[in-house]
Structures are given as structure tokens and as C-alpha cells.
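One-letter residues, chain by chain:
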Amino acid sequence: MKKLTIKEILKEGENLAGKEVDVKGWVRTRRGNKNVQFVALNDGSTINNLQIVFDLEKFPEESLKNITTGSSIHVKGNLVASQGAGQSVEVQADKLEIYGTAPADYPLQKKGHTMEFLREKAHLRPRTNTFGAVMRIRHALAYAIHKFFNDKGFFYFHTPLITASDCEGAGAQFQVTTLPLNELPKNEDGSIDYSKDFFGKMASLTVSGQLEGELGATALGLIYTFGPTFRAENSNTPRHLSEFWMIEPEMAFYEIEDNMDLAEEFIKYCINYALEHCYDDIKFLNDHFDHDLIDRLKFVVNNDFVRLPYTEGIKILEESGKKFEFPVHWGVDLASEHERYLVEEHFKKPVILTDYPKEIKAFYMKLNDDGKTVRAMDVLFPKIGEIIGGSQREENYEKLIGRIEEMGLEGMEWYLDTRKYGTVPHSGFGLGFERLVQFVTGMQNIRDVIPFPRYPKACEY
Ligand code: ATP
Ligand code: MN
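Now for a description of the structure that goes with this document.

Thresholds applied
Residues numbered from 1 in each chain as written. Chains lettered and ligands numbered in written order. Predicted model: local features only at pLDDT ≥ 70, side-chain atom pairs only at ≥ 80, totals over all residues. Heavy atoms only, no water. Patch = residues over 30% accessible without salt bridge, like charges linked within 9 Å, V, L, I, M, F, W, Y side chains within 5 Å. Areas by Shrake-Rupley, 256 points an atom, 1.4 Å probe, with all protein chains shown as cover. Salt bridge = Lys/Arg side-chain N within 4 Å of Asp/Glu carboxyl O. Helix = DSSP H or I, 4+ residues; strand = E, 2+ residues; numbered from the N terminus. Buried < 20%, exposed > 50% of the residue type's maximum accessible area, 1.4 Å probe, protein only. Contact = heavy atoms within 4.5 Å. Pairing = 2+ DSSP bridges. Core = buried A, V, L, I, M, F, W, Y, C linked by side-chain atoms within 4.5 Å. 1 Å grid on protein atoms, 1.4 Å probe; cavity = no way out; pocket = protein on both sides within 12 Å on 5 of 7 lines; lining within 4 Å. Points joined across faces, edges and corners; volume = space filled by probe spheres on them. Nonpolar A, V, L, I, M, F, W, Y, C, P; charged D, E, K, R; others polar.

## What to know about a nonpolar patch on the surface
Consideration 1: Taken together, L161, I162, F198 and F199 make up a surface patch of nonpolar side chains, about 400 Å² in accessible area.
Consideration 2: Structurally, I162 is set in strand 7 (residues 162–163).
Consideration 3: Look at I162 and you get partly exposed, because its relative accessible area is 41%.

In C-alpha cells, the structure reads:
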């Protein structure tokens with residue numbers, strides 16, 4: 001007998017009627033009466049359960065008592081058209097094997113646990129409908145990302161997770177060391193002697209693969225990275241993790257307009273892919289948590305993003321008459337409340353904000369002719385705020401050295417060599433993978449779109 005997942009069985013439906021099937025999974029519920037018992041079985045392949053019918057003449061009540069919520073079973077039986085509402089087919093059980101029962105203290109007994117409760121049971125929460133749906137969508141999005149770039153001729157370029165460059169500028173870093181912390185080797189002036197450390201110098205976990213990505217793009221033309229990044233900021237928000245995955249395409253010969261076109265096409269492709277391949281899961285999340293989810297996803301894929309310079313964005317915010325927690329004026333870094341005002345209240349569309357003041361952006365961004373702004377582009381989304389941050393990179397060697405000196409950065413010779421030898425205009429951006437998953441699933445908190453979230457004071461499993 002061919003092994004079929006519950007997803008495949010339900011897809012085939014009545015085409016399989018009359019055939020024997022062999023199914024294995026976890027019990028969601030068992031209910032029924034003195035004559036017949038119904039088990040809702042789930043094997044993780046789909047949000048939908050397969051109904052198993054146990055005739056009590058064949059299976060005395062005693063033999064079914066260990067089939068509790070959360071237990072794992074193996075059933076053989078005939079697939080038949082279902083008489084009940086809610087499913088088109090069901091299995092008439094013939095043989096039953098119980099792999100493991102789940103005692104009454106199984107934490108996921110009831111429906112409707114809070115997300116906070118489930119976060120404390122993160123080792124079991126993938127077994128819930130909600131987290132099953134989120135994880136399947138997460139997988140589909142990861143696949144879509146690789147497919148999108150591969151089909152466009154981009155190369156997947158692996159940048160290091162351990163880095164010795166402290167100039168990435170994107171956030172506080174976690175240090176990587178094998179030095180004994182209670183007995184640190186010291187230099188004569190009392191500072192730590194990193195020459196004794198594992199790499200012979202100070203090292204950290206990466207906050208971004210971009211700088212190394214630029215080395216790839218200025219050789220292979222079109223590259224992208226897709227890997228974990230680590231930020232040691234104490235940001236206890238629903239949009240920040242200490243360990244998150246980032247996708248960073250970097251393109252030689254792309255100006256900022258090409259970069260914006262790519263970002264918009266890319267993100268729409270991913271959302272469309274999820275709508276097409278994960279509709280059942282998205283529908284479940286839409287019906288149970290976020291009734292506007294499907295409308296919001298369709299709205300984003302069917303509308304052009306607004307493209308607006310930062311200076312004009314600030315004007316709109318100043319003239320809005322709204323009392324923001326953080327006041328706005330030209331030169332401030334936008335907070336999530338400002339980004340969301342532009343997107344959700346003013347334009348009611350995703351916005352790509354460009355040409356930010358150079359002071360609030362990284363050293364590598366290309367300076368505009370006004371000498372004050374840089375060719376940055378942040379993509380701002382409803383509910384999320386910033387989902388993508390990118391820019392055209394400064395390709396002029398002298399100007400880039402000027403910025404590096406202004407900011408007092410050191411050890412950047414390897415990076416500067418891309419501008420010293422055969423420099424080219426180039427651009428790139430970073431998409432926070434979990435922010436994309438958050439947008440597509442409608443989950444309120446980013447901690448609930450990664451299997452085992454890392455955030456301040458939380459490092460379980
Ligand atoms: P924010 O202002 O939201 O903290 P950022 O400007 O510091 O983000 P970038 O350095 O531009 O972030 O990183 C690129 C992308 O990575 C962001 O647009 C966002 O989608 C994502 N990102 C950044 N920090 C985090 C984080 N701590 N957790 C999850 N995703 C993040
Ligand atoms: Mn950013």
C-alpha cells in the first residue's frame with residue numbers, strides 16, 4: 001500500500017472511496033456514543049483532519065480509552081464517502097495500533113489557549129492548529145524566496161555568521177569568545193588581550209550579511225543571502241527578535257529605482273505564492289484571528305506601492321495634526337507609529353520611503369547631489385511598519401572613505417577594495433523573514449512565527 005499523507009488522502013477524496021488506506025497521526029479529538037466513536041486525526045501535512053470512525057461492535061469501548069487528545073495512533077481501514085457534514089470522506093477503522101497515549105496532563109487539551117500560554121509550551125505548540133498553519137506558511141515562503149531568486153538568475157551566496165567586522169552598523173552584536181570569563185587575559189594597559197582568543201581577535205555573531213554580500217555581487221552580478229542574523233538589542237517589541245532570518249539580495253548595476261522595482265515584485269511574488277499554495281492555512285488564520293487577513297494580502301498584491309521621499313513623508317506627518325508619542329521633524333528616524341500612519345491612515349497602501357537624511361542611515365549608502373540625503377529605501381507595510389530596508393550603495397571610493405573616516409570606522413580595507421578595483425553602481429536590500437511571515441499570517445507577535453523564538457531573557461530548548 002502506498003503511503004499517503006492526510007493531505008493527499010483528502011485531496012484525492014472520493015476517488016479513493018472503497019480503497020484501503022493506512023494513516024498515522026495525532027488525535028485532535030474523540031467523541032461519539034455507545035455505538036460509534038469519531039476521531040479527528042491530524043498528521044501535520046495539512047490543517048484539515050481526517051475523520052476515523054470506530055464501530056464499537058468491532059472496537060469495544062475499553063480498547064479506545066487510551067485514544068486521548070494528543071495521543072498517536074496508526075489506523076488501517078476503508079475510505080468511504082462520509083455521511084456527516086464537514087468532510088467528504090472518512091475512514092472506517094479496521095485495525096488500530098496505539099503508538100503512545102497522552103495522559104490527562106497533556107497541555108494542549110483545550111482549544112483557545114492564549115499565545116502567551118503557548119509560548120511557554122513552545123516545545124509542543126507546533127502541534128496546535130495555529131502553529132501548524134504558521135509553520136507550513138513559513139516553509140512555503142522560504143521555498144518561494146529561493147524559487148524567485150533562482151528563476152531570476154540570482155546565486156545563493158553564503159555569508160559568515162561569525163564575523164570580526166564590527167562596522168556593520170545595523171545593531172548591537174553578541175560577542176563570540178572562548179576566553180575564560182572569570183580569568184580574562186589582559187594587556188599591560190588593562191584591556192583584554194584578544195590575541196589569546198579563538199580567532200586571535202574580537203569576534204561576534206553577524207547582524208547582517210550585506211557587506212560580504214557586496215563582495216559576492218561585485219563578482220557574480222546577482223546574489224542573495226538567506227540566513228540567521230543576531231541582534232543584542234533590548235527591544236521588547238512585537239516586531240523584534242534577537243535571532244531572526246534575513247534575506248539580502250545584492251545586485252551589481254542596479255540603481256535605486258531598479259532596487260525598488262525588485263523589492264516590490266519580490267514581496268508580491270512571495271505573498272501570491274502563499275495565497276496560492278497555503279490557502280487552507282491562511283483561511284484558518286483569517287477565520288480564527290484576523291478577519292481582514294485575506295483582504296489585506298490581496299490588496300497588497302493588487303496595488304502599486306507608493307514611492308515617496310522622506311522629506312515629503314515628514315511634511316505629511318507634520319501636517320497630519322496627529323499627536324505622536326515621538327514628535328516628528330526633518331532629521332528624525334521614523335518610529336513605527338509614524339510609518340504606520342503613512343501606510344494605514346494617509347495612503348492606505350504600502351509605501352517605499354526614499355532619500356533619508358544621511359545622519360540616520362548607514363555609512364555605505366550613496367550620497368545624493370544635495371549632500372544631505374542618501375539613496376535609502378525602506379518598504380513600509382500595514383501592521384508591520386518597516387519590512388525591508390535597502391539602498392543604492394556608495395560606489396565612489398573617495399566619498400566612501402570620507403564617510404568611513406567621518407564615522408571613525410576601522411579595518412574596512414577589504415570592503416573598500418570593491419570600490420578601488422573596478423567599482424560599479426550597485427544596490428541591495430534586507431527583508432526580515434519573520435516580518436514577512438508575520439504579515440502573511442497576520443500573527444500579532446513576531447515571537448509566534450518562528451519555532452523557538454529568542455528574545456531578551458528567553459532562550460529555551
Ligand atoms: P527596525 O528599525 O525595525 O528595528 P532596522 O532598521 O534596525 O529595523 P535593518 O538593519 O534595516 O533593520 O534590517 C533589515 C530588515 O530586517 C528590517 O527591515 C526588518 O524587516 C528586519 N529586522 C531588523 N531587526 C529585526 C529584529 N530585531 N527582528 C526581526 N526582524 C528584524
Ligand atoms: Mn532599516
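We are not done yet, so read on.
## Side note on the environment of I162
Consideration 1: The spatial distance from the C-alpha of I162 to the C-alpha of N272 is 34 Å, given a sequence separation of 110 residues.
Consideration 2: Excluding its chain neighbours within four sequence positions, the residues that come into contact with I162 are F199, A203, S204 and L205.

## Some details on the sheet that holds strand 15 (residues 385–392)
Consideration 1: Ordered in space as 6-10-11-16-15-14-13-12, the 8 strands form an open sheet in which the pairing is mixed. With one partner strand each, in any of the chains shown, strand 6 (155–156) and strand 12 (306–309) form the two edges of the open sheet.
Consideration 2: With 2 bridges connecting them, strand 6 and strand 10 (residues 222–230) associate as parallel partners. Paired with F155 across the bridge in strand 10 is I223.

## What to know about unusual backbone geometry
Consideration 1: Even without being a glycine, K348 presents a positive backbone phi close to 55°.
Consideration 2: Phi at K383 is positive, roughly 75°, even though this residue is not glycine.

## Some points on the nonpolar core
Consideration 1: Counting 68 residues, the largest nonpolar core has I282, F381 and I387 as the members making the most contacts within it.
Consideration 2: Per-element tally for this core: the top contributor is helix 4 (residues 129–151), with 12 residues.
Consideration 3: Apart from residues no more than four positions distant in its own chain, I387 is found in contact with I267, V379, F381, G430, L431, G432, R435, L436 and F439.

## Some words on the pairing of strand 12
Consideration 1: The alternating pattern of strand 12 places V306 and L308 on a buried face and R307 and P309 on a face that is not buried.
Consideration 2: Note: strand 12 against strand 13 (residues 351–357), 4 bridges, orientation parallel. Across the sheet, P309 pairs through a bridge with T354, a residue of strand 13.

## Some remarks on the side chain of T225
Consideration 1: Locating T225 in the fold gives a position in strand 10.
Consideration 2: Under the relative-accessibility criterion, T225 is labelled buried at 4%.
Consideration 3: Apart from residues no more than four positions distant in its own chain, T225 is found in contact with Y156, F157, T159, M246, I247 and E248.

## Quick word on empty space enclosed by the protein
Consideration 1: Throughout the structure, instances matching the rule amount to 1 cavity of 30 Å³ or more.
Consideration 2: The space that makes up the largest cavity amounts to roughly 30 Å³.
Consideration 3: In terms of lining residues, the largest cavity is bounded by A122, R125, P126, F131, M135 and P451.
Consideration 4: Within the lining of the largest cavity, the residues separate by chemical class into 5 nonpolar, no polar and 1 charged.

## What to know about the sheet that holds strand 7
Sheet strands pair via backbone hydrogen bonds, and the direction of the pair is either parallel or antiparallel.
Consideration 1: Across the sheet, which stays open at both edges, the 3 strands sit in the order 7-9-8 with antiparallel pairing between neighbours. In this open sheet, the two strands that pair with only one neighbour each are strand 7 and strand 8 (175–176).
Consideration 2: With 2 bridges joining them, strand 8 and strand 9 (residues 203–205) adopt antiparallel strand pairing. Of the residues in strand 9, the one forming a bridge with Q175 is S204.

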